[in-house]
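Per-entry structural report
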Amino acid sequence: MLKSLLLAFCLSIGLAASAAAAPSPDGKCNFDSDCGGGAKCNSGKCSNSPGGKCHFDSECNKGEKCWNEQCRKG
């Protein structure tokens, strides 16, 4: 019983870690959840990736601001 609880706990931690994985290196996305860090998916690119565009501060990672359609540390 204890072993099965421990196994279930370890699997849930592994699943949670994989769900919070980093965005793809090329910044391509289908959903906001693909981008991570609070960034948004705009036209198939993460707003915080090179070539990605933002329109509001809320589309950038925490601690960043949207300046001239680019997320920058602010």
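None of these values were measured; they are calculated from a predicted model.

**Describing the overall build of the protein chain**
When its secondary structure is counted, the protein chain shows one helix and four strands. Along the protein chain, helices and strands appear, N-terminal first, in the series α-β-β-β-β. Sorting the 74 residues of the protein chain into buried and exposed places 22% on the buried side. Taking as baseline every contact in the protein chain between residues at least 6 positions apart, the subset at least 24 positions apart corresponds to 5%.

**Some remarks on the nonpolar core**
Listed in full, the five residues of the largest apolar core are Cys29, Cys35, Ala39, Cys41 and Cys46. The residues touching Cys41, leaving out its near neighbours within four places in the chain, are Cys29, Asn30, Phe31, Asp32 and Cys35.

**Thoughts on the environment of Glu64**
Structurally, the position occupied by Glu64 is in strand E3 (residues 64-67). The exposure class of Glu64 is buried, given its relative accessible area of 15%. A sequence separation of 10 residues divides Glu64 from Gly74, and the C-alpha atoms of the two residues are 5.2 Å apart.

**Brief notes about the state of the cysteines**
Tallied over the full model, the rule gives four disulfides. Across the disulfide, Cys54 is cross-linked to Cys66 (sulfur-sulfur distance 2.1 Å). Residues Cys54 and Cys66 are joined through a disulfide that is right-handed, its torsion about the S-S bond being 100°. With Cys54 in the loop between strand E2 (45-46) and E3 and Cys66 in strand E3, this pair connects stretches of sequence that are 12 residues apart.

Procedures and definitions
- Residues numbered from 1 in each chain as written.
- Predicted model: local features only at pLDDT ≥ 70, side-chain atom pairs only at ≥ 80, totals over all residues.
- Heavy atoms only, no water.
- Helix = DSSP H or I, 4+ residues; strand = E, 2+ residues; numbered from the N terminus.
- Buried < 20%, exposed > 50% of the residue type's maximum accessible area, 1.4 Å probe, protein only.
- Contact = heavy atoms within 4.5 Å.
- Core = buried A, V, L, I, M, F, W, Y, C linked by side-chain atoms within 4.5 Å.
- Disulfide = S-S within 2.5 Å.

Shape descriptors only; they carry no functional weight alone.
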